[in-house]
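# Structural characterization, general
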Amino acid sequence: MTHTARRIGRTLALVLPVVLVLSGTLAVTRVNWAGSNGSQILTASSENVSVRAKSRAPQDVLRDALLTELQEKDPGTALTHLQREVEHRPSLARHCMSIARALGRAAVEHYGPVKAQTYSRPVCDTSFASGVAQER
């Protein structure tokens, strides 16, 4: 008797969670999430599946973050953080010049050419100054 009870208990322990998960999943798909009166069923697969967003390259993420920082603070702070990131992640060194030029161009747009030039420092082989000069 004890052996049979154990077998039944083990079988229920394995099967019951699966049944509960499946029934819960099916119940969720039938909920009217849109709030409209029409009947909508949530399906796991659809013809209108959106394309997965491409992951952005680290240099693009860094450039965007530094451009935002340039707008919120000043170009000097952005250049300091650019230098620190390149020292911290050497793989970004080959993109340093293009990022610094982009910062220089953005500084001219935001601060004007004269004030933007005052922030110029030898970060990434004076590429910031080159960006400032290109926008003049």
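Residues numbered from 1 in each chain as written. Predicted model: local features only at pLDDT ≥ 70, side-chain atom pairs only at ≥ 80, totals over all residues. Heavy atoms only, no water.

Let us look at the overall build of the chain. The helix and strand inventory of the chain stands at 6 helices and 0 strands. In the chain, which comprises 136 residues, the proportion classed as buried is 24%. Within the chain, residue pairs in contact and separated by at least 24 positions form 61% of the contacts whose partners lie at least 6 positions apart. Accessible surface, the chain as shown: approximately 10,000 Å² in total, 57% of it carbon and sulfur. (Helix = DSSP H or I, 4+ residues; strand = E, 2+ residues; numbered from the N terminus. Buried < 20%, exposed > 50% of the residue type's maximum accessible area, 1.4 Å probe, protein only. Contact = heavy atoms within 4.5 Å. Areas by Shrake-Rupley, 256 points an atom, 1.4 Å probe, with all protein chains shown as cover.)

For the structure on display, the rule yields 2 salt bridges. The partner of Asp64 in a salt bridge is Arg56, with the nearest N and O atoms 2.0 Å apart. Taking the relative accessible area as the measure of exposure, Asp64 reaches 34% and is therefore partly exposed. (Salt bridge = Lys/Arg side-chain N within 4 Å of Asp/Glu carboxyl O.)

Judged by nonpolar contacts, the single largest core of 21 residues is most densely connected at Leu66, Leu70, Leu82 and Leu103. Listing elements by their share of this core, those giving two or more residues are helix 2 (58–72), helix 3 (75–88), helix 4 (96–111) and helix 6 (127–135). With 8 residues, helix 4 is the largest single contributor of residues to this core. Beyond its immediate chain neighbours, meaning those up to four positions away, Leu70 contacts Pro75, Ala78, Leu103, Ala106, Ala107, His110 and Tyr111. (Core = buried A, V, L, I, M, F, W, Y, C linked by side-chain atoms within 4.5 Å.)

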